[in-house]
Amino acid sequence: MPDRTRLSVGDQIRILSVPKSDFEQRERERRQGLSDAGYTADTIERIIAQHPIVTIDRIDEHGFPWFDCDLEVNGQTEFHSLAIMDDESWERIAPG
């Protein structure tokens, strides 16, 4: 499993899949009939489709690496910022 604590600002990673926890959250929210159910999972699916390689922009005070990205959604540009967790949903891209 990739180790998020080994990532640094400027490292590139490839987003491979939606984390299991986000899939599960989307299903719970859909069952509850919430508006915007599965927003995070949907966003990650868009990232994979549009820009699966992202650059770590910052490390927060808890040690979580974050990346920012712009996505095209229905002809509009959306800005997103997501943290990386320790799971199999991403891989580090070797430099060079």
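Here, every reference points to the structure presented above.
Residues numbered from 1 in each chain as written. Predicted model: local features only at pLDDT ≥ 70, side-chain atom pairs only at ≥ 80, totals over all residues. Heavy atoms only, no water.

Asker: What is the right way to look at the nonpolar core in this model?
Answerer: Ile13, Ile15, Ile47, Phe67 and Ile84 are the most contacted members of the largest nonpolar core, which totals 16 residues. Counting only elements with at least two residues in this core, the list comes to β1 (12-15), α2 (39-50) and β4 (65-73). Residue contributions to this core peak at 4 residues, all from β4. Sequence-distant contacts of Ile15, defined by excluding residues within four places in its chain, comprise Ile44, Ile47, Ile48, Pro52, Val54, Phe67, Ile84, Ser89 and Trp90. (Core = buried A, V, L, I, M, F, W, Y, C linked by side-chain atoms within 4.5 Å. Buried < 20%, exposed > 50% of the residue type's maximum accessible area, 1.4 Å probe, protein only. Helix = DSSP H or I, 4+ residues; strand = E, 2+ residues; numbered from the N terminus. Contact = heavy atoms within 4.5 Å.)

Asker: What is the right way to look at the sheet that holds β1 in this model?
Answerer: Through backbone hydrogen bonds, the strands of a sheet pair up, either in parallel or in antiparallel fashion. With antiparallel pairing, 3 strands are arranged side by side in an open sheet as β2-β1-β6. In this open sheet, the two strands that pair with only one neighbour each are β2 (53-55) and β6 (90-92). The mean angle between the axes of side-by-side strands here comes to 30°, regardless of whether they run parallel or antiparallel. Inspection of the sheet shows β1 paired to β2 by 3 bridges, in the antiparallel sense. Opposite Ile13, over in β2, you have Val54 as the bridge partner. (Pairing = 2+ DSSP bridges. Axes fitted to C-alpha atoms, helices over the stretch in contact; angles between N-to-C directions.)

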